[in-house]
Amino acid sequence: MYPPPPLPPRRDFISVTLSPGRSYDGGQGLRRRSFWRKWKQLSRLQRNVVLFLLACLMLCGLLSYISVADEWKAVGSRSAEGPKMRPANPPVLPAPRRAAENPETLAGASPQKPPRHFRRGPPNLQIRAPDGDAKDRRQDEAQRRAEAAGEARWEDDAQGSRVSWRGTGTEPEQGPQLPPRKAEAAPRPSPQALRMRNSPASQNERQKAVVAAFRHAWAGYRKFAWGHDELKPVSKSFSEWFGLGLTLIDALDTMWILGLKKEFEEARKWVSQKLLFQKNVDVNLFESTIRILGGLLSAFHLSGDVLFLEKAIPYSDVNIGTGVAHPPRWTSDSTVAEVTSIQLEFRELSRLTGVKKFQEAVEEVTRRVHSLRGKKDGLVPMFINTNSGLFTHLGVFTLGARADSYYEYLLKQWIQGGKKETQLLEDYLKAVEGIRKHLLRRSEPGQLTFVGELAHGRFSAKMDHLVCFLPGTLALGAHHGLPADHMELAQALMDTCYQMNRQMETGLSPEIVHFNLHPQRSHKDVQVKAADRHNLLRPETVESLFYLYRLTGQRKYQDWGWEILRSFNASPRAATLPSATSRTRAIPSPGTRWRASFWGRRSSTCTCSSPTTQTCSAWTLTCSTRKLTPCPSGPPPRAGRLPSGCCPGD
């Protein structure tokens, strides 16, 4: 018998083996090594795709945050600054009274107010919308009903309150609310405009011809392009630029001066009911300012109808597109003419409303351009970079396209500001001397004085039709006390601009001409290249003729304007109106567009009138804008601002 096997040894412990130098971390190290191993196992392409997607997500999140933050910041700033904003200086004009003070005009229904929109954009161009308390809402409704009965306002007693260019202004109680809600009665037409409307002067034969030409053009626009930007006369259709009725707004002041009451009232109704700015569309700042803002301010000055001033004011709920500004699609540059030819309108808007931000914004641009390098004896290059704010394309100087109205606005801002802003005057006088020194030449064989161009020290005998704004500007400056030789130069250049029309077979100036600098047989002074043999119905020559005729009284300037009008009437016209590209040589052929700015001008009528006609001496024009502003009756005040482009003493 064998003994029993021994019992197994008893174990009362657990053996754990730890790797040297490492501690237990719950498996995190293993997970990290596993993630990194998987990342390294991916191909380079796969890793790049993952990184790209992560970067896109981060960028989208950042942009969303900026967008939301800006919108909340804009809302907060409006609510914070709205109650305390008041204009530092009251407007020169008496503020409009509440329409409720004229109960006899409270007829008609009040249109529903559009919803408010907050616009993202430069903070200094945002205006707080009116508060919505019950009292202001009642005044709003009363004022809108009064606008619908605007004709009744014009027929009130002539002894009532009127717009006074020298009186004391009434400060609006809510500064950025435009027009002021708690002000006096709506402004009335100036005395000259009121007399012209109620008792229009008899027209001579030439004036009747001007009116007939306008009626012919207007009838075509009304029938085929009503409410649209431009008429296409050959196809009898329309084209859109901004979709804001540019032709209609451009012609408002012309219809008033011509005494076309029915047409004016019809256009006013469209402005009241159809002119809306809640559109997602890009608009050119320069073009929309001179055509829309300038046209509305002109109509307001002539008629005294507050509707046009209200439409001219950019409330915060007016949203042209997204409110995002950008340079032209084809370049990062803006033209110097664009950025320096909106000042008159914005300064006038500040003067009328008492809100200084409009004037401050454009005067900052003027100061910037004044201090830039790259000028040549007062002449400026054509382009300025929107990012750096510096001139580009240095060494190229012209008074034609892309630079012309810079020089015009220097003088007229100086006049607008009461001749006190010496910086503007110095820049203008220096530019005139630069023109004499670098751009002025005489042609052969007729010795016509013309303004050429300079490109990197090389002179070109090329002159745009646009340059024909210069005679009128020089004459206006001489009228305001500048050197007498400015008037001599104005008359010499006026002769040249007339010859640019007269030497063409059609009597119409081409868009660009080249002057002959060397005597040659059978060669005229004015030469035209094939690509330039078209006329765009530009008004510069006619407006300069207006200035020269009004300021010198010489009948020849009136006769020259009459010749140009007859040449337009003699050129082939579509059934609607003259086209914008009539040929200047050989057999004229109609083009495909109608340029509103020529027939939307009032200078032809004034040029065909007597030099003492009050209705014409009461206003002064600018070539780039559609702006007319009343001149004070009698000498201008010693203090305060004068209306833009005004001719005191006329």
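See the structure above.
Residues numbered from 1 in each chain as written. Predicted model: local features only at pLDDT ≥ 70, side-chain atom pairs only at ≥ 80, totals over all residues. Heavy atoms only, no water.

Trainee: What is the right way to look at the packing of helix α15 (residues 404–416) against helix α16 (residues 422–439) in this model?
Mentor: Packed helix pairs are specified by the crossing angle of their axes together with the interaxial distance, meaning the distance between the axes. The contact between α15 and α16 brings their axes to 8 Å, and the two run at 140°. In terms of their interaxial angle, α15 and α16 are classed as oblique. The handedness of the crossing between α15 and α16 is left-handed. Contact residues: Y406, Y407, L410, L411, Q413 and W414 in α15; L424, L425, D427, Y428 and A431 in α16. (Axes fitted to C-alpha atoms, helices over the stretch in contact; angles between N-to-C directions. Helix = DSSP H or I, 4+ residues; strand = E, 2+ residues; numbered from the N terminus. Parallel < 35°, antiparallel > 145°, perpendicular 65-115°, else oblique. Left-handed = near helix turned anticlockwise from the far one by under 90°. Contact = heavy atoms within 4.5 Å.)

Trainee: Would you take a moment to explain the pairing of strand β12 (residues 512–515) for this structure?
Mentor: Successive residues of a regular strand alternate their side chains across the two faces of the sheet. Alternating residues of β12 divide into I512 and H514 and V513 and F515, and every residue in both groups is buried. Pairing analysis gives three bridges linking strand β11 (residues 462–464) to β12, with the strands arranged antiparallel. Bridged to M463 within β12 is V513. Direction of pairing for β12 relative to strand β13 (residues 526–527): antiparallel, over a ladder of two bridges. Looking at the pairing, H514 lines up with Q527 of β13. (Buried < 20%, exposed > 50% of the residue type's maximum accessible area, 1.4 Å probe, protein only. Pairing = 2+ DSSP bridges.)

Trainee: What is the right way to read the sheet that holds strand β6 (residues 396–397) from this model?
Mentor: Strand pairs in the sheet, formed through backbone hydrogen bonds, run parallel or antiparallel to each other. With respect to topology, three strands assemble into an open sheet ordered β6-β9-β10, the strand pairing being antiparallel. Each edge of the open sheet is held by one strand with a lone partner, namely β6 and β10 (458–460). In this structure, strand β9 (residues 453–455) lies alongside β10, joined through three bridges in antiparallel fashion. Considered in β10, the bridge of A455 is made with R458.

Trainee: Help me out: how do you make sense of α16 in this one?
Mentor: Residue pairs spaced three or four apart in an α-helix point in one direction, given the helix's 3.6 residues per turn. Here α16 spans 25 Å end to end across 18 residues, near enough to the 26 Å set by a 1.5 Å rise per residue. Residues L424, L425, D427, Y428, A431, V432, G434, I435, H438 and L439 constitute the buried set of α16. (Expected span 1.5 Å × (residues − 1).)

Trainee: Would you explain the state of the cysteines in this entry?
Mentor: Two cysteines whose sulfur atoms are joined by a covalent bond form what is called a disulfide. Tallied over the entire structure, the rule returns one disulfide. In this model, C468 is linked to C497 through a disulfide, with the two sulfur atoms separated by 2.1 Å. Taking the torsion about the sulfur-sulfur bond, which here is approximately -105°, the covalent link between C468 and C497 counts as left-handed. A residue pair is termed long-range when its members are at least 10 positions apart, and C468 in the loop between β11 and α17 (470–479) and C497 in helix α18 (residues 485–502) qualify at 29 residues. Exposure class is identical for C468 and C497. Each is buried. Unpaired in this structure, C56 has its nearest cysteine sulfur neighbour in C60, at a distance of 6.5 Å. (Disulfide = S-S within 2.5 Å.)

Trainee: Please clarify how the nonpolar core should be interpreted in this entry.
Mentor: Side chains of nonpolar character tend, in soluble globular proteins, to be buried together. Of all hydrophobic cores here, the largest spans 67 residues; its most connected members are L399, Y407, V451, M463, L470, L474 and F515. Contact partners of M463, with chain neighbours within four places excluded, come to F450, V451, C468, C497, M500, I512, V513 and F515. Ranked by size, the runner-up nonpolar core spans 46 residues in total, among them L252, L260, W270 and F286. (Core = buried A, V, L, I, M, F, W, Y, C linked by side-chain atoms within 4.5 Å.)

Trainee: Sorry, what's going on with the pattern of salt bridges here?
Mentor: Opposite charge on two side chains permits them to pair, given that their charged atoms come into close proximity. Scanning the entire structure with this criterion turns up 19 salt bridges. Where R436 meets E433, a salt bridge forms, and the shortest distance between an N and an O atom there is 3.9 Å. With R436 and E433 both in helix α16 and three residues apart, this pair spans about one turn of that helix. Look at R436 and you get partly exposed, because its relative accessible area is 27%. Via salt bridges that share partners, R206, R555 and D559 belong to a single interconnected network. (Salt bridge = Lys/Arg side-chain N within 4 Å of Asp/Glu carboxyl O.)

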